[in-house]
Amino acid sequence: NMHKKYGTYEYMQGDGAGVIVATYGRILLHQRDRETDLYPGKWQLFGGHIERGEEPIETAIRELREELGLELIDRDLKYFTTVHRIDETDHKTENYIHVFTHEGEYTSADFELQEGRGFAFVNSDWMMKLDITPTERKILHYYKHERGL
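Residues numbered from 1 in each chain as written. Predicted model: local features only at pLDDT ≥ 70, side-chain atom pairs only at ≥ 80, totals over all residues. Heavy atoms only, no water.

Asker: How do you make sense of the layout of surface pockets when you look at a structure like this?
Answerer: One way to see where empty space is left: roll a probe the size of a water molecule over the atoms. Approximately 580 Å³ is the volume attributed to the largest pocket. For the lining of the largest pocket, the secondary-structure elements that each account for two or more residues are strand E3 (16-23), strand E4 (26-31), strand E6 (46-49), helix H1 (56-68), strand E7 (78-86) and helix H3 (134-147). Top element by residues in the lining of the largest pocket is E6. It accounts for four residues. Partitioned by chemical class, the residues of the lining of the largest pocket number seven nonpolar, twelve polar and ten charged. (1 Å grid on protein atoms, 1.4 Å probe; cavity = no way out; pocket = protein on both sides within 12 Å on 5 of 7 lines; lining within 4 Å. Points joined across faces, edges and corners; volume = space filled by probe spheres on them. Helix = DSSP H or I, 4+ residues; strand = E, 2+ residues; numbered from the N terminus. Nonpolar A, V, L, I, M, F, W, Y, C, P; charged D, E, K, R; others polar.)

Here is the structure:
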């Protein structure tokens, strides 16, 4: 499984991309379906697995289009960080999530949810109170710290 270089970081098949969509000081979170095997009903960032031949930023753009009907281009996203994916038993996996940020002025009427149970705009206090996945907890903790939220 070859690591590919993208900008300042490397990625490989099996990694994922996620996007922190920020609007009016809140961030957009996605609630997983209750029927899914992994983390049913938990909250996470929008995003997904990097498909063969994709750059992480392309994955991020594709997933926002597929999951929300949001049409973005490369320059709408900024690279934020890369973290180990953490599994259900709180152990690091060999895969990474490459995280981007996107800021815009949105209301829920701008999105059409195609996958998952729901979405919400949450402020920095609420994002840690929701039932979020362990990987997301790590990402959002870092985001709060970086942005002084």
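There's more to say after this.
Asker: What exactly am I supposed to notice about the packing of aromatic side chains here?
Answerer: The geometry of two aromatic rings is summed up by the distance between their centres and the angle between their planes. Enumeration over the complete set of coordinates arrives at seven aromatic pairs. Between the aromatic rings of Phe111 and Phe121, the centroid separation amounts to 6.1 Å while the plane-to-plane angle is 35 degrees, which identifies the pairing as tilted. Of this pair, Phe111 sits in the loop between strand E8 (92-103) and strand E9 (118-122) while Phe121 is found in strand E9, placing the two residues ten residues apart along the sequence. Of the two residues, Phe111 and Phe121, both sit in the buried class. On the basis of an interplanar angle of 85 degrees and a centroid distance of 6.4 Å, the ring pair of Phe119 and Phe121 is categorised as edge-to-face. Given a relative accessible area of 22%, Phe119 falls into the partly exposed group. An aromatic cluster of three or more residues is present, and its members are Tyr106, Phe111, Phe119 and Phe121. (Phe/Tyr/Trp six-rings, centres within 6.5 Å; stacked < 30°, edge-to-face > 60°. Buried < 20%, exposed > 50% of the residue type's maximum accessible area, 1.4 Å probe, protein only.)

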